[in-house]
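# Summary of the model geometry
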Amino acid sequence: QVQFVESGGGLVQPGGSLRLSCAASRSIFDIYAMGWYRQAPGKQRELVAASITGRMPIYADSVNGRFTISRDNAKNTVALQMNGLKPEDTAVYYCNLNPPPLGGSWGQGTQVTVSS
């Protein structure tokens, strides 16, 4: 089972930018779709963006126009460029298959905090 390690989070002021990176434990060339997810305190985990082979990426309405997902099959990585960050973007961010496997494991995630 492929595993993922997320990195790149941190503390940023509103309006700032961060670039998250996700490293896979094996080749992602044959993976049809991968996603970035986030979970804020007291809320359910939600899909933020998905990269789907042969299709345009999809984004949650709340991040559309501000976030960009990209994948590098040669490096087995998936990135999430986040611009125009807002306090409501504060969450732990995870990457995984899209949809995530039932009962599958999640990485530790990377904390993003948007605050002045």
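Scroll up for the structure.
These numbers come from a predicted model, not from an experiment. (Residues numbered from 1 in each chain as written. Predicted model: local features only at pLDDT ≥ 70, side-chain atom pairs only at ≥ 80, totals over all residues. Heavy atoms only, no water.)

Within the chain one finds zero helices and 10 strands. Counting from the amino terminus, the chain carries its helices and strands in the arrangement β-β-β-β-β-β-β-β-β-β. At 13 Å, the chain has a C-alpha radius of gyration in line with the 13 Å of a compact globule built from 116 residues. The dimensions of the chain, computed from C-alpha atoms along their principal axes, are 40 × 25 × 25 Å. (Helix = DSSP H or I, 4+ residues; strand = E, 2+ residues; numbered from the N terminus. Rg over C-alpha atoms; globule rule 2.2 N^0.38 Å.)

Taken as a whole and judged by the stated rule, the model has two aromatic pairs. Ring plane angle 85° and centroid distance 5.1 Å describe the contact between Tyr 37 and Trp 106, whose orientation is recorded as edge-to-face. One end of the pair, Tyr 37, is in strand β4 (residues 33-39); the other, Trp 106, is in the loop between β9 (91-97) and β10 (110-114), with 69 residues separating them in the sequence. Overall, the relative accessible area of 5% leaves Tyr 37 in the buried class. Considering the side-chain rings of Tyr 94 and Trp 106, the 5.8 Å spacing of their centres and the 80° angle between planes classify their relative orientation as edge-to-face. Here Trp 106 lies in the loop between β9 and β10 and Tyr 94 lies in strand β9, a separation of 12 residues in the sequence. Looking at Trp 106, the relative accessible area reads 27%, which means it is partly exposed. Through a chain of ring-to-ring contacts, the aromatic side chains of Tyr 37, Tyr 94 and Trp 106 assemble into a single cluster. (Phe/Tyr/Trp six-rings, centres within 6.5 Å; stacked < 30°, edge-to-face > 60°. Buried < 20%, exposed > 50% of the residue type's maximum accessible area, 1.4 Å probe, protein only.)

Our focus in this paragraph is the pairing of strand β8 (residues 77-82). Where strand β3 (residues 18-24) lies against β8, six bridges are found, and the strand directions are antiparallel. Paired with Ser 21 across the strands is Ala 79, a residue of β8. In this sheet, β8 lies alongside strand β7 (residues 67-72) in antiparallel orientation, the contact comprising six bridges. Opposite Asp 72, over in β8, you have Thr 77 as the bridge partner. (Pairing = 2+ DSSP bridges.)

Moving on: the side chain of Thr 110. Examined against the element boundaries, Thr 110 turns out to sit in strand β10. Accessibility expressed as a relative area gives 9% for Thr 110, which makes it buried. Of the polar contacts made by the side chain of Thr 110, one reaches the backbone nitrogen of Gly 9; its length is 2.9 Å. (Polar contact = N/O pair within 3.5 Å; in protein donor to acceptor, adjacent residues only side chain to side chain.)

A word on the sheet that holds strand β1 (residues 4-7). As summarised here, the arrangement of the four strands in space is β1-β3-β8-β7, forming an open sheet in which the pairing is antiparallel. Edge positions in the sheet fall to β1 and β7, since each has one partner strand and no second. Shown here is a sheet whose adjacent strand axes are inclined to one another by a mean of 15°, direction ignored. (Axes fitted to C-alpha atoms, helices over the stretch in contact; angles between N-to-C directions.)

A separate point is the pattern of salt bridges. What the rule picks out here adds up to four salt bridges. Two residues, Arg 26 and Asp 30, come together in a salt bridge whose shortest N-O distance is 3.0 Å. Put simply, Glu 46 and Arg 38 hold a salt bridge, and the shortest N to O gap is 2.8 Å. Owing to a relative accessible area of 6%, Arg 38 belongs among the buried residues under this scheme. Through salt bridges that share partners, Arg 38, Glu 46, Arg 66 and Asp 89 make up one connected network. (Salt bridge = Lys/Arg side-chain N within 4 Å of Asp/Glu carboxyl O.)

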